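For reference, the chains in residue letters:
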Protein chains: 2
Amino acid sequence: MPENKVALFFQVFNEVGIIEQLSRALLQAQLPPGFLVSHFSVLNHLVRVQDGRTPLELARAFQTAKTTMTHTLAGLDKAGYVEMRPNIEDARSKRVWISDTGRAFREQAIVSVKPDLERVAAEFPADRVLNLLPELEELRKIMDRQRDEN
Amino acid sequence: MPENKVALFFQVFNEVGIIEQLSRALLQAQLPPGFLVSHFSVLNHLVRVQDGRTPLELARAFQTAKTTMTHTLAGLDKAGYVEMRPNIEDARSKRVWISDTGRAFREQAIVSVKPDLERVAAEFPADRVLNLLPELEELRKIMDRQRDEN
DNA sequence: TCAATATAATGCGATATCGAACTAAACAAG
DNA sequence: CTTGTTTAGTTCGATATCGCATTATATTGA
């Protein structure tokens, strides 16, 4: 691989990193004190994918250490946004269920960040985002799979 | 803005977040114990942009709190990878210079991650990355500017 | 059957990151 | 000048995240 190819991937990952930080900041700014994007992300995952996930599944989904997920879930549980129930199929494990207030919290966050997204969309049209999406999806899938292969 | 537009931006930022985590993990895995991507990123910035930056400039460039940059720079200084000198133009301030060992550290990290990038490139061709880059750059610039406007 | 190994979650200590308060220097207005 | 305000960096306390070790349960294999 020529050096400019390495540099090219580096550049893209650099841009991705900056966009991640900026978008994270937009969402974070809309969350009430004491709640982080990590909390939102778990709730969002439980809604989008399906609740009843185990903590370990969640940790894997977010590439985070198990202990971090324990901590994040404790916060969500304390706030009443999730409920931790025993896993009937495995007594070592638990399953995480989102509550109605948890769902409301997630929806409120999404509504709150809408104006920010509109401001971005005003300059970067949705059709360009639409073109971007499948490329990013495939890149993500490739990297995700390669990670699992190790 | 229709709901699907909100969802579209959400999706893209979600993909971006996952790619960021995966690429960060690849780089992190190549760094010696005690060094994080945050350390590498600062060194990389000093090389790419120019060294002699002030800590505050660096903090802004990375969207991080000033105190975080103080901490990161202390680690780099302790390792001998940067040198902190007084800012002649402003006695409150400092300027950060990368050392030869700091440059070597950065270069080594880049070399080490090359195989990982090659593995990704084998499945996601460079020309697609090349198409992605300007779009991401523009999206980043827009979001960056909008942040400054507030 | 049961001993060895693997897995899920947690407890604990270390470090990263952050926000608030502080100090010193620079700047601005009178 | 000099006094009030802003700015650069740090200190300090709180919390997030991580790695390692531990406990409980599950799985495997002789």
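Residues numbered from 1 in each chain as written. Chains lettered and ligands numbered in written order. Predicted model: local features only at pLDDT ≥ 70, side-chain atom pairs only at ≥ 80, totals over all residues. Heavy atoms only, no water.

## A look at the relation of the copies chain B and chain A
In step 1: Least-squares fitting of chain B to chain A yields an RMSD of 0.1 Å, with the superposition described by an axial translation of 0.0 Å and a rotation of 179°. A rotation of that kind, with that shift, is consistent with a two-fold axis. Scanning chain B for the C-alpha nearest the rotation axis identifies V16 of chain B, at a separation of 3.0 Å. (Least-squares fit on C-alpha atoms with pLDDT ≥ 70 in both.)

## Overview of the pattern of salt bridges
In step 1: Following the criterion strictly, the structure yields 24 salt bridges over all chains and no others.
In step 2: Taken together, the shared-partner salt bridges in this structure form one network comprising R128 of chain A together with E135 and E138 of chain B. (Salt bridge = Lys/Arg side-chain N within 4 Å of Asp/Glu carboxyl O.)

## Details of unusual backbone geometry
All names here are of chain A.
In step 1: Despite not being glycine, Q63 shows a phi value in the positive range, around 60°.
In step 2: Among the structural elements, Q63 can be located in the loop between α3 (55-61) and α4 (66-78).
In step 3: By relative accessible area, Q63 is classed as partly exposed at 23%. (Helix = DSSP H or I, 4+ residues; strand = E, 2+ residues; numbered from the N terminus. Buried < 20%, exposed > 50% of the residue type's maximum accessible area, 1.4 Å probe, protein only.)

## Considerations on the protein's contact with DNA strand C
In step 1: Close to DNA strand C lie 22 residues; L56, T67 and K94 of chain A together with T64 and H71 of chain B are nearest.
In step 2: The protein-proximal atoms of DNA strand C, defined as those within 4 Å of the protein, are 66% sugar or phosphate.
In step 3: Contacts to DNA strand C include K94 of chain A, whose side-chain N or O atom sits 2.5 Å from a phosphate oxygen.
In step 4: One of the side-chain N or O atoms of T67 of chain B is found 3.4 Å from a base oxygen in DNA strand C.
In step 5: Looking at the surface near DNA strand C, the elements that each hand over two or more residues are α3 and α4 of chain A together with α2 (37-48) and α4 (66-78) of chain B.
In step 6: Residues of the surface near DNA strand C, tallied by class, amount to 5 nonpolar, 11 polar and 6 charged. (Near = heavy atom within 4 Å. Polar contact = N/O pair within 3.5 Å; in protein donor to acceptor, adjacent residues only side chain to side chain. Nonpolar A, V, L, I, M, F, W, Y, C, P; charged D, E, K, R; others polar.)

## Side note on the side chain of T72 of chain B
Residues and elements named next belong to chain B.
In step 1: When you line up the elements, T72 lands in helix α4.
In step 2: Residue T72 is classed as buried on the basis of its relative accessible area, which comes to 7%.
In step 3: Leave out the neighbours within four places in its chain, and T72 touches S38, H39 and V42. (Contact = heavy atoms within 4.5 Å.)

## Focus on the interface of chain B and chain A
In step 1: The interface of chain B with chain A comprises 54 residues on the first partner and 54 residues on the second.
In step 2: Carbon and sulfur atoms supply 72% of the area that chain B and chain A bury against each other, a total of about 6,000 Å² over both sides.
In step 3: Broken down residue by residue, the surface that chain B buries against chain A is led by F10, I19 and L22 of chain B, which jointly contribute 10%.
In step 4: Taken together, the connections running from chain B to chain A amount to 8 salt bridges.
In step 5: Taking the shortest distance from any N to any O, the salt bridge between R145 of chain A and E123 of chain B comes out at 2.6 Å.
In step 6: Taken together, the connections running from chain B to chain A amount to 14 residue pairs in polar contact (both at pLDDT 80 or more).
In step 7: Elements that contribute at least two residues to the side of chain B that touches chain A include exactly α1 (3-30), α2, α5 (100-123) and α6 (126-148) of chain B.
In step 8: Among the elements that make up the side of chain B that touches chain A, the one with the highest residue count is α1 of chain B (20 residues).
In step 9: The residue inventory of the side of chain B that touches chain A, partitioned by class, reads 29 nonpolar, 8 polar and 17 charged. (Buried area = accessible area lost by both parts, 1.4 Å probe.)

## Here we look at the packing of helix α2 (residues 37-48) of chain A against α4 of chain A
Each packed pair of helices is defined by two parameters, the angle between the axes and the distance between the axes.
All names here are of chain A.
In step 1: As a packed pair, α2 and α4 sit with axes 10 Å apart at the nearest point and diverge in direction by 85°. With respect to α4, the element α2 is oriented roughly perpendicular. Contacts between α2 and α4 involve S38, H39, V42 and L43 on the former and, on the latter, M69, T72, L73, G75 and L76.
In step 2: Looking at side-chain class alone, the contact of α2 with α4 contains 5 nonpolar, 4 polar and no charged residues. (Axes fitted to C-alpha atoms, helices over the stretch in contact; angles between N-to-C directions. Parallel < 35°, antiparallel > 145°, perpendicular 65-115°, else oblique.)

## A word on the environment of E57 of chain A
Residue and element names in this part refer to chain A.
In step 1: Its place among the elements puts E57 in helix α3.
In step 2: A sequence separation of 38 residues divides E57 from R95, and the C-alpha atoms of the two residues are 9.7 Å apart.
In step 3: Engagement of the side chain of E57 in a polar contact is seen with the backbone nitrogen of T54, the distance being 3.0 Å.

## Here we look at α2 of chain B
In step 1: Here α2 of chain B spans 16 Å end to end across 12 residues, near enough to the 16 Å set by a 1.5 Å rise per residue.
In step 2: Residues of α2 of chain B that are buried include every one of V37, H39, F40, V42, L43, N44, H45 and L46 of chain B, and no others. (Expected span 1.5 Å × (residues − 1).)

## Quick notes on the protein's contact with DNA strand D
In step 1: Taken together, 21 residues lie near DNA strand D, and T64 of chain A together with L56, T67, R92 and K94 of chain B sit nearest.
In step 2: Near the protein, within 4 Å, the atoms of DNA strand D are sugar or phosphate in 67% of cases.
In step 3: In this structure, T64 of chain A approaches DNA strand D through a side-chain N or O atom, which is 2.7 Å from a phosphate oxygen.
In step 4: For DNA strand D, a base nitrogen lies 2.8 Å from a polar atom in the side chain of K66 of chain B.
In step 5: The set of elements that each furnish at least two residues to the surface near DNA strand D consists of α4 of chain A together with α3 (55-61) and α4 of chain B.
In step 6: With 4 residues, the single largest contributor to the surface near DNA strand D is α4 of chain A.
In step 7: Considering only residue class, the surface near DNA strand D consists of 5 nonpolar, 10 polar and 6 charged.

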